[in-house]
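Now for the letters of each chain:
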Amino acid sequence: QVQLVESGGGLVQPGGSLRLSCAASGSIFSIRAMGWYRQAPGKQRELVATITTGGLPNYADSVKGRFTISTDNAKNTVYLQMNSLKPEDTAVYYCNIGIQRYTADTWHEYWGQGTQVTVSS
């Protein structure tokens, strides 16, 4: 089985920083594009950032210049460095990774359990 474990969320003041981590473990043969999503109370889940296995990132306009997505492929881990945090960044953040469990497997999409990020003074 495959598990995605998130960490790094918490309470931070406006202008502060947090780094989220998402580590995949279990039967992993190959990984494709990874990403971070967030969902605020009463709102739909939205894409925050994605990154290809080749390291090409893409960001939502609302976080460009403030957030950085990166990976450690050897550890099957994706990170989200969040700087200059704003109250509107408050949400539950979820990681998403496409995983092939073995050579002949199809691609499967896995989600982390979610980690709360609260930006408040």
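The structure this text deals with has already been given above.
Residues numbered from 1 in each chain as written. Predicted model: local features only at pLDDT ≥ 70, side-chain atom pairs only at ≥ 80, totals over all residues. Heavy atoms only, no water.

1. Some words on the packing of aromatic side chains
This is how the line gets drawn: Each aromatic pair joins two rings of Phe, Tyr and Trp (for Trp, the six-membered one) with centres within 6.5 Å, and gets the label stacked for planes under 30 degrees apart, edge-to-face for over 60, and tilted for any other angle. For a Lys NZ or an Arg CZ to count as sitting over a ring, it must be within 6 Å of the ring centre and within 35 degrees of the ring normal.
Taken as a whole and assessed by the stated rule, the structure comprises 1 aromatic pair. A cation over a ring is seen here: Arg-45 above Tyr-94, with NZ or CZ 3.9 Å from the ring centre.

2. A look at the state of the cysteines
Selection rule: We call a pair of cysteine sulfur atoms a disulfide when they lie within 2.5 Å. Where helices and strands are cited, they refer to DSSP runs of H or I of at least four residues and of E of at least two residues respectively, numbered from the N terminus.
For the structure on display, the rule yields 1 disulfide. Paired through a disulfide, Cys-22 and Cys-95 show a sulfur-sulfur distance of 1.9 Å. Across the S-S bond linking Cys-22 and Cys-95, the dihedral sits near 55°, which makes this disulfide right-handed. Taken as a pair, Cys-22 in strand β3 (residues 18-26) and Cys-95 in strand β9 (residues 91-100) lie far apart in primary sequence, 73 residues in all.

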